[in-house]
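# Residue-level structural notes
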Amino acid sequence: MYMKSTGKQKNYEEVAPEASAMIESMRAYGYTLATAIADVIDNSIAAGAKSVWLEARWAGRDSWFTIADDGVGMSETELRDAMRLGSKNPRLERDPVDLGRFGLGLKTASLSQCRRLTVFSRQKGSSIQVRRWDLDHLARAEVAGWQLLCTPHHDSKADVSQIDKQPSGTIVLWEVLDRIVQDADSGNERVRSHFLRVVAEVEQHLSMVFHRYLDAPRPRLQIMLNGNEVEPWDPFLEAHRATQTTPEEFIHLPGHALNISVRGYVLPHKDKLSAEASKKASGPEGWNAQQGFYLYRNERLIVAGSWLGLGGLRPWTKEEHYKLARIRLDIPNSMDHLWHLDVKKAHATPPPQIRERLTGLAQGVRESARSVFAHRGRYGTRTRKEEIHRPWKPDKRGGRVIYKIDRSHPVVRAVLVEAGTRSPGLEAMLRIIEETVPVQQIWLDVTESPQDVAAPFHGAQSNERRIVISTAYDAVRRNLGLSHEKTVERLSSWEEFSDDETLAILASLKS
């Protein structure tokens with residue numbers, strides 16, 4: 001029977017979590033090495049750091065990783081609070097430039113990768129302060145409670161001497177890297193290769209996540225990884241002349257002083273990029289994977305390429321013909337709860353009140369990207385869409401898409417007229433070509449190896465090209481009754497005839 005408490009008798013019990021079990025459970029948040037390091041760097045930025053130095057050292061089971069910065073550092077009290085789990089209430093109002101949220105990042109990110117986390121910090125004019133979480137220490141039977149240690153491990157092999165040379169700053173040291181190294185001696189080449197590979201992935205990830213901090217001409221942050229500077233990766237190719245952008249739009253939510261900003265980008269077709277530029281623009285996971293929204297919180301990238309569940313009853317998926325569409329979305333940290341930001345700051349969900357508007361904005365960018373993809377970058381640069389006249393056109397038969405040769409195309413029409421009585425045979429040949437278009441094979445080739453798909457006239461001899469261009473020129477000029485200038489203008493609107501060599505041949509055909 002329920003008994004009501006009386007007098008000073010407590011009507012509750014304090015049930016503290018068991019330290020070792022709790023922290024072991026917290027290691028399963030799903031961080032990778034790269035996302036964990038990015039989370040720690042957030043703290044460096046919040047501390048006013050201008051430089052961050054990352055060192056990854058392979059030594060088998062004694063391998064270690066350090067993240068050092070030149071920020072303002074922490075006092076003994078501040079360091080102890082920083083090492084406390086849940087050191088900040090996520091519901092409290094934060095500084096507008098704060099990159100944290102739950103007060104868990106330093107601990108959960110670090111302990112997801114290592115069993116021994118040691119933090120060294122000093123403020124200007126003060127001595128070095130040290131605190132250490134050691135999971136193996138907490139797991140000992142004789143240890144009770146949450147024992148945060150005040151000294152580095154006696155057997156540590158890591159070099160943290162940099163903190164002695166700085167007036168202020170912090171070093172985060174990860175040791176016993178069981179998630180990366182596991183139980184391996186220094187001569188295990190397989191584990192060493194894995195270690196080096198994930199370290200290389202760290203550089204790619206940081207160049208993307210912090211690219212707006214790293215970008216010139218006045219970078220706010222420098223990140224060094226094993227002595228090499230991390231260069232920014234711009235997802236939007238803003239400096240390329242063929243990149244299309246939409247005007248920046250601002251979305252206001254009632255009750256919030258700061259707005260959400262959105263801007264769409266349609267990247268250049270690969271024919272407009274060098275092989276090196278195309279490879280770099282493809283991003284860490286490739287062209288298809290990098291399409292969609294890029295969500296930034298205080299200019300720090302949270303989501304890199306996602307359609308955020310938008311698209312109506314059938315949410316958009318990542319498809320080849322939308323791979324050039326990327327949309328920059330900036331939110332302030334005061335809206336974290338509306339976007340359901342997770343602990344790792346890696347996933348977000350748009351608030352219901354703006355989903356429709358975001359869908360509409362994205363739809364326009366997607367359609368433009370599809371057109372650029374289909375027309376090899378020519379579509380969208382003309383003032384009138386009808387100027388682009390292609391010999392192939394999509395159609396429908398029995399509710400299914402088919403591809404037909406456009407009989408009204410000037411060159412096709414000229415050939416049919418000249419064929420005269422032989423046109424039925426020519427028409428039958430065109431029909432055979434239409435009925436046997438290898439759509440599936442083309443799709444597979446473009447999807448699996450887009451870099452191997454040739455541009456128009458790629459590898460063709462100059463005399464071959466000249467014959468084709470001359471034939472097209474004569475057909476258009478004679479059948480449409482155009483001047484030389486108008487004929488060249490019409491032909492140059494075809495993406496097949498838009499390169500410099502073809503334009504030079506067209507210019508030389510004036511009779």
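Residues numbered from 1 in each chain as written. Predicted model: local features only at pLDDT ≥ 70, side-chain atom pairs only at ≥ 80, totals over all residues. Heavy atoms only, no water.

## A few points about the overall build of the protein chain
- If you tally the helices and strands in the protein chain, you get 16 helices and 15 strands.
- The buried share of the protein chain, reckoned over its 511 residues, is 45%.
- In the protein chain, once contacts between residues fewer than 6 apart in sequence are set aside, the share between residues at least 24 apart is 66%.
- Carbon and sulfur atoms form 52% of the exposed surface of the protein chain, whose accessible area is close to 27600 Å². (Helix = DSSP H or I, 4+ residues; strand = E, 2+ residues; numbered from the N terminus. Buried < 20%, exposed > 50% of the residue type's maximum accessible area, 1.4 Å probe, protein only. Contact = heavy atoms within 4.5 Å. Areas by Shrake-Rupley, 256 points an atom, 1.4 Å probe, with all protein chains shown as cover.)

## Let's talk about the packing of aromatic side chains
- A complete count under the given rule lists 9 aromatic pairs for this structure.
- With 5.9 Å between their ring centres and 40 degrees between their planes, F65 and W174 make a pair best called tilted. Here the residue F65 occupies a position in strand β2 (residues 64-69), and W174 occupies one in strand β5 (residues 169-175), the gap between them amounting to 109 residues. Note on accessibility: F65 and W174 belong to one class, buried.
- Taking 6.1 Å as the distance between ring centres and 85 degrees as the angle between the ring planes, the aromatic pair formed by F293 and W307 counts as edge-to-face. (Phe/Tyr/Trp six-rings, centres within 6.5 Å; stacked < 30°, edge-to-face > 60°.)

## Some remarks on the packing of helix α11 (residues 410-419) against helix α12 (residues 423-435)
- Where α11 contacts α12, the axes come no closer than 8 Å and their chain directions differ by 145 degrees. Of α12, the residues touching α11 (which contributes V412, V415, L416 and A419) are S423, L426, E427 and L430.
- The class makeup of the residues in the contact of α11 with α12 is 6 nonpolar, 1 polar and 1 charged. (Axes fitted to C-alpha atoms, helices over the stretch in contact; angles between N-to-C directions. Nonpolar A, V, L, I, M, F, W, Y, C, P; charged D, E, K, R; others polar.)

## Details of the nonpolar core
- If you look at the biggest cluster of nonpolar residues, it comprises 49 residues, and the most contacted ones within it are I41, L54 and W174.
- At 8 residues, helix α2 (residues 33-46) tops the list of elements feeding residues into this core.
- If near-sequence neighbours (up to four positions away) are discounted, I41 is found in contact with V52, L54, I67, L206, F210, L221 and I223.
- Counting residues in each nonpolar core, the second largest holds 43 residues, with W233, L295, L324 and W339 among its members. (Core = buried A, V, L, I, M, F, W, Y, C linked by side-chain atoms within 4.5 Å.)

## Considering the sheet that holds strand β6 (residues 222-225)
- Spatial ordering of the open sheet is given by β4-β3-β5-β2-β1-β6-β7, a layout of 7 strands whose pairing is mixed. The two strands at the open ends of the sheet, each matched to only one other strand, are β4 (129-134) and β7 (228-229).
- Examined bridge by bridge, strand β1 (residues 51-57) and β6 share 4 bridges and lie parallel to one another. Residue pairing in the sheet places V52 in a bridge with I223 of β6.
- The sheet strands contacting helix α7 (residues 189-209) are β1, β2, β6 and β7, and the helix crosses β1 at an angle near 165 degrees. (Pairing = 2+ DSSP bridges.)

## Points about α7
- Helix length check: α7, at 21 residues, gives a terminal C-alpha distance of 30 Å against a target of 30 Å (1.5 Å per residue), a fit within 8%.
- Buried positions along α7 lie against α2, β1, β2, α8 (211-214), β6 and β12 (300-306).
- Capping the start of α7, N188 holds a side-chain oxygen 3.2 Å from the backbone nitrogen of R190, two or three residues further along. (Expected span 1.5 Å × (residues − 1). Polar contact = N/O pair within 3.5 Å; in protein donor to acceptor, adjacent residues only side chain to side chain.)

## Quick word on the packing of helix α14 (residues 462-480) against helix α16 (residues 500-507)
- Their axes nearest at 10 Å, the elements α14 and α16 cross at an angle of 55 degrees. In this view, α14 runs oblique relative to α16, as classed from their interaxial angle. Considering only the axes of α14 and α16, their crossing is right-handed. Side by side, α14 and α16 meet where S462, R465, R466, I469 and Y473 of the first sit next to E501, T502, I505 and L506 of the second.
- Across the contact of α14 with α16, the residue classes tally to 4 nonpolar, 2 polar and 3 charged. (Parallel < 35°, antiparallel > 145°, perpendicular 65-115°, else oblique. Left-handed = near helix turned anticlockwise from the far one by under 90°.)

## A short note on unusual backbone geometry
- Positive phi, normally seen in glycine, also occurs at V176, with a value near 55 degrees.
- Checked against the element boundaries, V176 lands in the loop between β5 and α7.
- We note that N298 has phi near 55 degrees; this positive angle belongs to a residue other than glycine.
- Considering the arrangement of structural elements, one finds N298 in the loop between β11 (292-297) and β12.
- For N298, a relative accessible area of 16% translates into the label buried.

## Some details on a nonpolar patch on the surface
- Side chains of W392, V401, Y403, M429, I433 and V439 sit close together on the surface and give an oily, nonpolar patch of about 510 Å² of accessible area.
- With respect to the secondary-structure elements, V439 resides in helix α13 (residues 439-448).
- Its relative accessible area of 36% is what places V439 among the partly exposed residues. (Patch = residues over 30% accessible without salt bridge, like charges linked within 9 Å, V, L, I, M, F, W, Y side chains within 5 Å. Salt bridge = Lys/Arg side-chain N within 4 Å of Asp/Glu carboxyl O.)

## Brief notes about helix α10 (residues 352-374)
- Its 23 residues place the ends of α10 33 Å apart at the C-alpha level, agreeing with the 33 Å of an ideal helix rising 1.5 Å per residue.
- Among all positions in α10, only I354, L358, L361, A362, V365, R366, A369, S371, V372 and F373 are buried.

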